[in-house]
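Spelled out from the first residue to the last, the chains are:
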Amino acid sequence: MDFALSEEQTAIFDMARAFGQEHIAPHARTWERDGTIPRELWPGLAELGFGGLYVSEESGGAGLTRLDATLVFEALSHACPAVAAFLSIHNMCARMIDSHADDAFKARVLPGAVAMETVLSYCLTEPGSGSDAAALRTRARRDNAGYTLDGTKAFISGGGYSDGYVVMVRTGEDGPRGISTVYVEDGTPGLSFGALEDKMGWRAQPTTQVQFDNCIIPAENLIGEEGKGFTYAMAGLDGGRLNISACSLGAAQAAMNATRAYMRERQAFGQSLDNFRALQFRLADMEIELQAARTFLRQAAWKLDTQATDATKFCAMAKKFVTEAGSRIANQCLQLHGGYGYLADYGIEKLVRDLRVHEILEGTNEIMRLIVARQLLAET
């Protein structure tokens, strides 16, 4: 068993981290204040292959593994987890299209998505169905014109910003077997957006409700087969849980790096903070937890890459463990900064705010426990 990254994987991480430090980190606070990410950032990421990380090479993507992709999101989150997470959402949508859409649809949409000329958003959650995603109510009625959509999606990253929306809709009976996946292009009549949400963290990401009111799309905008949408969505979430965990990991590492530098410089009682044994122990505990989280995440990614039968359970376990560890570490780093940690200039309070939502999205950590418990009890 080899825990070391390959030379190629190390190069992927270093390339992503260098891009983040040059093109994202210097602007992260400004983008948070402005509530948006400049569109000109995305083509630069696409040039590195990050617009289609695990889109197949046959479809123009990078064809990377899930483990490779976690390295990208971890590295970019050193600069800003909100930006990295937004890229993760786009990649989840691109992968769903590559995996399930027909060739004509892929040829129409994927080239722009991989080049990030077309930015994608994922629409599953609704005002009345969060954890109970199979209870979604957005309806798509089939007719001669194609599909007519009515309903509302909630908490959508990129609402009113993105160019295309991968939407889970109800085309049939109640429950998961009545759900399908469709694609709605920006500018489609009947597509509108709510006001920007005023959020605790991820403030650089524009987040709104996405509303469909007699919104007509062509029949060829169905992704895959009718009735398979819930299966597609859940499969996408396994990878999404790894990605959001990687975002927590990278941000926690950035907080640790900043805290170690601060403790070397900050003087109290005649010596630097890193000379106090009690504070050294706190650093040690955080490092232990950080390394355990990294190992767990990469094991789960390996499980998904190898299509292990327990991959979903491991993705859920990793998501729960890593996101909670990331939040704890960032919060402890703020504490070790004292009052300065509470100031925006030091960047730690932003990380604390950004990481909190990672325990909620891609399936709450309560749902992660439910997945683990159900699979554990089903094992013979």
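Refer to the structure above for everything that follows.
Engineer: I'd love a proper account of the overall build of the protein, names of residues and values included.
Structural biologist: Within the protein, the secondary structure is distributed over eleven helices and ten strands. Over its C-alpha trace the protein gives a radius of gyration of 21 Å, about what one expects of a compact globule, namely 21 Å for 380 residues. Overall, the C-alpha framework of the protein stretches about 80 × 50 × 40 Å when taken along its three principal axes. For the protein, the residues scored as buried account for 54% of the 380 residues in total. Sequence separation of at least 24 residues holds for 74% of the intrachain contacts in the protein that already meet a minimum separation of 6. Here the protein has roughly 16700 Å² of accessible surface; of this, 51% comes from carbon and sulfur atoms.

Engineer: Before we move on, can you summarise the pattern of salt bridges with the specific residues and values?
Structural biologist: Under the defined criterion, the tally for this structure stands at 21 salt bridges. K320 is paired through a salt bridge with E324; the nearest N and O atoms lie 3.2 Å apart. Taken as a pair, K320 and E324 lie in helix α9 (residues 311-336) at a separation of four residues, close to a single helical turn. The exposure class assigned to E324 is buried, which follows from its relative accessible area of 13%.

Engineer: Any chance you could break down the side chain of S248 for me, citing the residues and the numbers?
Structural biologist: With respect to the helices, strands and loops of the structure, S248 is situated in helix α7 (residues 229-265). Its relative accessible area of 0% is what places S248 among the buried residues. With sequence-adjacent residues up to four places away left out, S248 is seen in contact with V322, T323, G326, L355 and H358.

Engineer: Explain helix α5 (residues 81-100) to me, using residue names and the numbers behind them.
Structural biologist: With 20 residues, α5 ought to run about 28 Å at 1.5 Å a step, and its terminal C-alpha atoms sit 28 Å apart, in line with that. In terms of burial, α5 is largely enclosed, as 17 of its 20 residues are buried.

Engineer: For the packing of aromatic side chains, give the residues involved together with the corresponding values.
Structural biologist: Evaluated as defined, the whole model comprises ten aromatic pairs. Ring centres of F105 and Y183 lie 5.4 Å apart, and the angle between their planes is 85°; on these two criteria the pair is classed as edge-to-face. Of this pair, F105 sits in helix α6 (residues 103-114) while Y183 sits in strand β5 (residues 179-185), placing them 78 residues apart in sequence. Y183 shares its class with F105; the two are buried. By the ring-pair criterion, three or more aromatic residues cluster together here, those being W42, F86 and Y161. Seen from the ring of Y161, R39 lies directly overhead, with NZ or CZ sitting 5.1 Å from the centre.

Engineer: Account for a nonpolar patch on the surface, naming residues and giving values.
Structural biologist: Taken together, Y340, L343 and Y346 make up a surface patch of nonpolar side chains, about 270 Å² in accessible area. With respect to the secondary-structure elements, L343 resides in the loop between α9 and α10 (348-356). The class for L343 is partly exposed, based on a relative accessible area of 40%.

Engineer: Summarise the nonpolar core; cite the residues concerned and give the values.
Structural biologist: Counting 73 residues, the largest nonpolar core has I24, I37, L41, W42 and L76 as its most contacted members. When neighbours within four sequence positions are excluded, L41 is seen to be in contact with F19, H23, I24, W31 and V83. Residues I97, L110, L120 and Y232 belong to the second largest nonpolar core, which totals 28 residues.

Engineer: So, the pairing of β5: which residues are in play, and what are the values?
Structural biologist: Of all the seven residues making up β5, six are buried; the element is thus mostly covered by neighbouring parts of the structure. Relative to β5, strand β4 (residues 164-170) runs antiparallel, the two sharing seven bridges. What sits directly across from V169, in β5, is S180. Examined bridge by bridge, β5 and strand β8 (residues 222-223) share two bridges and lie antiparallel to one another. Note on β8: the bridge partner recorded for T181 is I223.

Engineer: Please provide a residue-by-residue account of unusual backbone geometry, values included.
Structural biologist: For F155, which is not glycine, the phi torsion reads 60° and is therefore positive. Looking at the element boundaries, F155 is found in strand β3 (residues 146-157). Of note, the phi angle at N214 is positive, near 55°, even though the residue is not glycine. Looking at the element boundaries, N214 is found in strand β7 (residues 207-217). Judged by relative accessible area, N214 falls into the partly exposed class, the value being 45%.

Criteria and cut-off values
- Residues numbered from 1 in each chain as written.
- Predicted model: local features only at pLDDT ≥ 70, side-chain atom pairs only at ≥ 80, totals over all residues.
- Heavy atoms only, no water.
- Helix = DSSP H or I, 4+ residues; strand = E, 2+ residues; numbered from the N terminus.
- Rg over C-alpha atoms; globule rule 2.2 N^0.38 Å.
- Buried < 20%, exposed > 50% of the residue type's maximum accessible area, 1.4 Å probe, protein only.
- Contact = heavy atoms within 4.5 Å.
- Areas by Shrake-Rupley, 256 points an atom, 1.4 Å probe, with all protein chains shown as cover.
- Salt bridge = Lys/Arg side-chain N within 4 Å of Asp/Glu carboxyl O.
- Expected span 1.5 Å × (residues − 1).
- Phe/Tyr/Trp six-rings, centres within 6.5 Å; stacked < 30°, edge-to-face > 60°.
- Lys NZ or Arg CZ within 6 Å of the ring centre and 35° of its normal.
- Patch = residues over 30% accessible without salt bridge, like charges linked within 9 Å, V, L, I, M, F, W, Y side chains within 5 Å.
- Core = buried A, V, L, I, M, F, W, Y, C linked by side-chain atoms within 4.5 Å.
- Pairing = 2+ DSSP bridges.

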